[in-house]
Amino acid sequence: MEFVQINASTKQDRHVVTGQVKDAIVAAGGWVTGFQQFSNVSVCIQFEMAASCMALLFERLEGLGLQLSEASRRLAGELAAKPDAELMGTFQLTFFHSDPDERMVIPAVPG
């Protein structure tokens, strides 16, 4: 299994675009295996997918209007040469906005 990393940024609403990215991964034939939110600044979505599905994923991501990093844009072409590879990866999405940092209440654990 190979590891891939996709990085993108957006000024769009984080709740909407996070759901759209998840839907794009699933629609392209992948599985979302994890999720980590970093305040309201960034989200990291872990996924698994066959390399042969990555072209469709990138097509769907481009349709969302995300700003993919240069390395992420090159990734689709690089993986076309290995269509049988199984991939485990992360999709790191950074949100640009003027909102203050989101404060999360962490419940106290007794004991």
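Located above this text is the structure these notes cover.
Let me begin by describing the structure that accompanies this report. (Residues numbered from 1 in each chain as written. Predicted model: local features only at pLDDT ≥ 70, side-chain atom pairs only at ≥ 80, totals over all residues. Heavy atoms only, no water.)

Attention now moves to the pattern of salt bridges. Scanning the model with the defined rule gives three salt bridges in all. Salt-bridge contacts for Lys-22 lead to Asp-23; the nearest nitrogen and oxygen are separated by 2.8 Å. Judged by its relative accessible area of 39%, Lys-22 falls in the partly exposed class. With a closest N to O distance of 2.5 Å, Arg-73 and Glu-70 form a salt bridge. Here Glu-70 and Arg-73 lie together in helix α3 (residues 70-80), a separation of three residues that amounts to about one turn. On the basis of relative accessible area, Glu-70 is assigned to the partly exposed category, the value being 45%. (Salt bridge = Lys/Arg side-chain N within 4 Å of Asp/Glu carboxyl O. Buried < 20%, exposed > 50% of the residue type's maximum accessible area, 1.4 Å probe, protein only. Helix = DSSP H or I, 4+ residues; strand = E, 2+ residues; numbered from the N terminus.)

The strands making up a sheet are joined through hydrogen bonds of the backbone, oriented either antiparallel or parallel. Taken in spatial order, the five strands of this open sheet run β2-β3-β5-β1-β4, and their pairing is mixed. Each having just a single partner strand, β2 (31-38) and β4 (67-68) make up the two edges of the open sheet. Pairing between strand β1 (residues 2-10) and strand β5 (residues 86-95): nine bridges, direction parallel. Note on β5: the bridge partner recorded for Ala-8 is Leu-93. Across the sheet, α3 is in contact with β1, β4 and β5; its angle to β1 comes to roughly 140°. (Pairing = 2+ DSSP bridges. Contact = heavy atoms within 4.5 Å. Axes fitted to C-alpha atoms, helices over the stretch in contact; angles between N-to-C directions.)

Time to look at the nonpolar core. Of all hydrophobic cores here, the largest spans 29 residues; its most connected members are Ile-6, Val-21, Met-54, Leu-57, Leu-66, Phe-91 and Leu-93. For this core, the element with the highest residue contribution is strand β3 (residues 42-50), accounting for five residues. For Leu-57, the contacting residues outside a window of four places in its chain are Ile-6, Ala-24, Ile-25, Ala-28 and Met-49. (Core = buried A, V, L, I, M, F, W, Y, C linked by side-chain atoms within 4.5 Å.)

Mapped onto the elements of the fold, Leu-68 is located in strand β4. Sequence-distant contacts of Leu-68, that is, excluding residues within four places in its chain, are made with Ile-6, Asn-7, Ala-8, Phe-58, Glu-62 and Arg-73.

Counted at 1.5 Å a residue, the expected span for helix α1 (residues 14-27) with its 14 residues is 20 Å, and the 20 Å between its end C-alpha atoms agrees. Of the residues making up α1, those classed as buried are Arg-14, Val-17, Thr-18, Val-21, Ala-24 and Ile-25. Projected onto a plane normal to the axis of α1, the buried residues spread over an arc of 125° and lie on a single side. Backbone geometry just downstream of α1 places Gly-29 in the positive-phi region, at approximately 105°. (Expected span 1.5 Å × (residues − 1). Arc of directions from axis to C-beta.)

Taken together, the seven bridges between β2 and β3 define a ladder with antiparallel strand orientation. Across the sheet, Phe-35 pairs through a bridge with Ile-45, a residue of β3. Turn length for the β2-β3 hairpin, with the two strands adjacent in sequence and antiparallel, is three residues, and the turn residue Ser-39 shows positive phi of about 50°.

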